[in-house]
Amino acid sequence: MVDNRYATALVIGSVLSLLATVYLSVAVGTQQWYQYNSPPPKLEGSNASELREEFVNGEFDEKTYSDTMFRLNGTLGLWWRCILVPSQSHWFKEPDPKMETQCVSFTLPQQFIPKLKYPGNHNTEEDMLRTYLWRCQFLLPLVSLALVFLSGLVGVCACLCRSFTPTLGVGVLHLLAGLCSLGTVCCFLAGVDLLHQYSTPPEGVEGSLGWSLYLALISFPLQMMAAALFLWAARSHRKNYTRMTAYRVA
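Because the structure is a prediction, the values reported are computed rather than measured. (Residues numbered from 1 in each chain as written. Predicted model: local features only at pLDDT ≥ 70, side-chain atom pairs only at ≥ 80, totals over all residues. Heavy atoms only, no water.)

Undergrad: Help me out: how do you make sense of the state of the cysteines in this one?
TA: Here a disulfide denotes one covalent bond, and it connects the sulfur atoms of two cysteines. One pass over the full model with this rule turns up 1 disulfide. For Cys82, the disulfide goes to Cys103, at an S-S distance of 2.0 Å. As the torsion about the S-S bond is roughly 110°, the Cys82-Cys103 disulfide counts as right-handed. Placement of the pair is Cys82 in strand 3 (residues 80-86) and Cys103 in strand 4 (residues 99-105), with a sequence separation of 21 residues. We classify Cys82 as buried; its relative accessible area is 1%. Looking at the unpaired Cys136, the closest cysteine sulfur is the one in Cys187, lying at 4.7 Å. Of the residues examined, Cys136 reaches a relative accessible area of 31% and is grouped as partly exposed. (Disulfide = S-S within 2.5 Å. Helix = DSSP H or I, 4+ residues; strand = E, 2+ residues; numbered from the N terminus. Buried < 20%, exposed > 50% of the residue type's maximum accessible area, 1.4 Å probe, protein only.)

Written out as structure tokens, the structure reads:
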């Protein structure tokens, strides 16, 4: 029979784990990890259209899409890059056009393209640090979600077998998942900082952290608290069970 304290810890840990999974999933699927606030662009409609076309359908180049995001209030995510452009009007030129967000996803091959020491100059050597930071920020959240899913399967098996022992493994998996979530945020911030060192934003352009990054950051303590509850419940239950067994034998 499971003590009410341990059952409560398991329920709270499961709720925290579910919240962390939802937050991290939303963060991975959205593009508001980093955003640029640009001054009003002094661009004619044709120039804006050219920048939009280059951004959406042009050749994938880090320097090109970064400069476009600097100039057009861009946002960057793990899977998306976006710009804010005037909505297209086919019949007349509006004096105050409505702005819309244009997003392009990073394809799977693009996630593994090596980063150059100086973006835009293809004759420079590969920047190994930025390359692996970019790949880690892409892989770590997927690993974190996979670990949480695996811990859920272990928990279901523990319930079916009516055993408390696998709860220790559930706690360890959540601990590793939390570290992966934190690693994702750290790799992303380090990669953006290095990019700004080699490709400096123009004067007047300000960068700020987006809500998607904060969601991923919030998932880290939630996963760690869930891990602590699972580990505490498994360890305390084991000690209690050992004492009861020794008492019965005595």
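Undergrad: Would you explain the environment of Gly120 in this entry?
TA: Mapped onto the secondary structure, Gly120 falls in the loop between helix 4 (108-111) and helix 5 (128-161). You can call Gly120 partly exposed: its relative accessible area is 38%. On a C-alpha basis, the gap between Gly120 and Lys63 in space is 4.9 Å, while along the polypeptide they are 57 residues apart. Excluding its chain neighbours within four sequence positions, the residues that come into contact with Gly120 are Asp61 and Lys63. (Contact = heavy atoms within 4.5 Å.)

Undergrad: Looking at this structure, how should I read the packing of helix 1 (residues 4-29) against helix 5?
TA: For any two helices packed against each other, the geometry is given by the interaxial angle and the distance between the axes. Running from N to C, helix 1 and helix 5 point in directions that differ by 150°, and their axes come no closer than 11 Å. Taken together, the axes of helix 1 and helix 5 are roughly antiparallel relative to one another. Crossing handedness for the pair helix 1 and helix 5: left-handed. Here helix 1 contributes Ser17, Thr21, Leu24, Ser25 and Val28 to the contact with helix 5, which in turn contributes Pro141, Ser144, Leu145 and Val148. When grouped by side-chain class, the residues that make up the contact of helix 1 with helix 5 number 5 nonpolar, 4 polar and no charged. (Axes fitted to C-alpha atoms, helices over the stretch in contact; angles between N-to-C directions. Parallel < 35°, antiparallel > 145°, perpendicular 65-115°, else oblique. Left-handed = near helix turned anticlockwise from the far one by under 90°. Nonpolar A, V, L, I, M, F, W, Y, C, P; charged D, E, K, R; others polar.)

Undergrad: Looking at this structure, how should I read the packing of helix 5 against helix 6 (residues 167-198)?
TA: For the pair helix 5 and helix 6, the least separation of the axes is 8 Å and the interaxial angle reads 160°. When the axis of helix 5 is compared with that of helix 6, the two are roughly antiparallel. Seen from above, helix 5 lies across helix 6 with left-handed handedness. Within the contact of helix 5 with helix 6, the residues separate by chemical class into 21 nonpolar, 9 polar and 1 charged.

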